[in-house]
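# A closer look at the structure
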Amino acid sequence: MIQLTDQPIDLAPLIAQAQRPAAGAVVVFLGITREFTGDRQTAELTYEAYPEMARRELARLEREARDRWPLEECCLAHRVGVVPLSEASVAVVVSSPHRPDAFEAARWLIDELKLSAPIWKQERWADGTTDWVHPTESNEAPNQ
Amino acid sequence: MRVTVLLFAGAREAAGADQVDVQLPDGATYAGLAEALRHAFPPLERLATTARFAADAAYVDLSEPVDLAAEIALIPPVSGG
């Protein structure tokens, strides 16, 4: 199940959906807005997506994860728009009969999402300036 | 041939538009499109060099010919999560 939403991510229904009789483990990953990147202070982040493509990429990741691991449920949720400090910008919720598969799948899903989903964040720093984050190999994103 | 390219995030900000039109020779590839964007829109120089392209919301290889029937987008390095 995938979600691209401009509302706060509502985790409880995602966890409830993952709690299936055949599952013995639910793993939840939340990416949240961090205040400090080195010495720089973030006021808030704004996320922008290419919505049709982001949904398509998230759906592809869900399909691939279900092919690789025996998952009972696989939820990927990403927020767009302004995300205040400490709130979740992304959630990965997976369940499987045994915990190693759920842990591995969740780790793979968040790593792949960060590589391929056409979603971008803009830092609004405490001093009022803004920067779009476009990481390259030689210039790692400050807020990865 | 003329192609419209959707822009997002830093590319949209750099160009000051959410889409731009560029002129391309017939049969041009996405690598050629990147080159044309760099020339036509100098503020896109850095991102057009590191970006990928999508056609109808799926990533394409730079070596493929530009699909004029598709919705083309410049996908600068992503930073979701």
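Rules behind the numbers
Residues numbered from 1 in each chain as written. Chains lettered and ligands numbered in written order. Predicted model: local features only at pLDDT ≥ 70, side-chain atom pairs only at ≥ 80, totals over all residues. Heavy atoms only, no water. Helix = DSSP H or I, 4+ residues; strand = E, 2+ residues; numbered from the N terminus. Buried < 20%, exposed > 50% of the residue type's maximum accessible area, 1.4 Å probe, protein only. Contact = heavy atoms within 4.5 Å. Areas by Shrake-Rupley, 256 points an atom, 1.4 Å probe, with all protein chains shown as cover. Lys, Arg positive; Asp, Glu negative; His and termini not counted. Charge placed at Lys NZ, Arg CZ, Asp CG, Glu CD. Salt bridge = Lys/Arg side-chain N within 4 Å of Asp/Glu carboxyl O. Buried area = accessible area lost by both parts, 1.4 Å probe. Polar contact = N/O pair within 3.5 Å; in protein donor to acceptor, adjacent residues only side chain to side chain. Core = buried A, V, L, I, M, F, W, Y, C linked by side-chain atoms within 4.5 Å. pLDDT = per-residue confidence, 0-100. Pairing = 2+ DSSP bridges. Axes fitted to C-alpha atoms, helices over the stretch in contact; angles between N-to-C directions.

## Some details on the overall build of chain B
Helices and strands together make up the secondary structure of chain B, namely 3 helices and 5 strands. In sequence order, the secondary structure elements of chain B are arranged as β-α-β-α-α-β-β-β. Each principal axis of the C-alpha distribution contributes one length, and for chain B these read about 35 × 25 × 20 Å. When burial is assessed residue by residue, chain B has 49% of its 81 residues classed as buried. For chain B, long-range pairs separated by at least 24 residues make up 47% of all intrachain contacts whose partners lie at least 6 apart in sequence. With the model as given, the accessible surface of chain B reaches about 3600 Å², and the carbon-plus-sulfur share is 51%. Here chain B contributes 5 positive and 11 negative side-chain charges, whose respective centroids are spaced 8 Å apart.

## Side note on the pattern of salt bridges
Within the structure shown, the criterion is met by 12 salt bridges over all chains. For Glu87(A), the salt bridge is made with Arg79(A), and the minimal N-O distance between the two is 2.7 Å. Of the charged contacts in the structure, one is a salt bridge between Arg38(B) and Glu35(B), with a shortest N-O distance of 2.6 Å. One end of the pair is Arg38(B) and the other is Glu35(B), both in helix α2 (residues 30-40) and 3 residues apart, which spans about a single turn. For Arg38(B), a relative accessible area of 18% corresponds to the buried category. If you follow the salt bridges from partner to partner, you end up with Arg20(A), Glu62(A), Arg66(A) and Glu73(A) in one network.

## Quick word on the interface of chain A and chain B
In this complex, chain A contributes 27 residues to the contact, which on the side of chain B involves 25 residues. Of the roughly 2100 Å² buried at the junction of chain A and chain B (both faces included), carbon and sulfur atoms supply 55%. Scanning the region where chain A abuts chain B turns up 1 salt bridge. In this structure, Arg12(B) and Glu48(A) form a salt bridge, with 2.2 Å as the shortest nitrogen-oxygen distance. Connecting chain A to chain B are 18 residue pairs in polar contact (both at pLDDT 80 or more). Elements represented by at least two residues in the side of chain A that touches chain B include exactly β4 (40-49), α2 (51-68), β7 (88-96), α3 (99-116) and β8 (119-125) of chain A.

## Some points on unusual backbone geometry
All names here are of chain B. The backbone phi angle of Ala-9 is positive, close to 50 degrees, even though this residue is not glycine. A positive phi is found at Ala-57, a non-glycine position, where the angle reads about 65 degrees. Tracing the backbone shows Ala-57 in the loop between β3 (52-55) and β4 (58-60).

## Section: the nonpolar core
Grouped together as the largest cluster of nonpolar side chains are 28 residues, with contacts concentrated most on Ala65(A), Leu71(A), Val92(A), Val94(A), Leu109(A) and Ile119(A). Those elements that place two or more of their residues in this core are β2 (25-32), β4, α2, β5 (73-79), β7 and α3 of chain A. For this core, the element with the highest residue contribution is α3(A), accounting for 7 residues. Residue contacts for Leu109(A): discarding those within four places in its chain leaves Leu61(A), Glu62(A), Ala65(A), Cys74(A), Leu76(A), Val92(A) and Val94(A). Listed in part, the 24 residues of the second largest apolar core include Leu44(B), Val60(B), Ala70(B) and Leu74(B).

## Some points on the confidence of the model for chain B
Across chain B, pLDDT averages 96, with 100% of residues at or above 70. Across the predicted assembly, pTM comes out at 0.94 and ipTM at 0.95.

## Thoughts on the sheet that holds β3(B)
Residue and element names in this part refer to chain B. Spatial strand order, β2-β1-β5-β3-β4: 5 strands in an open sheet with mixed pairing. In this open sheet, the two edge strands, each paired with only one partner strand, are β2 (19-23) and β4. Direction aside, neighbouring strands of the sheet carry axes that sit 40 degrees apart on average. Where β3 lies against β4, 3 bridges are found, and the strand directions are antiparallel. Bridge pairing in β4 places Ala-55 opposite Ala-58.

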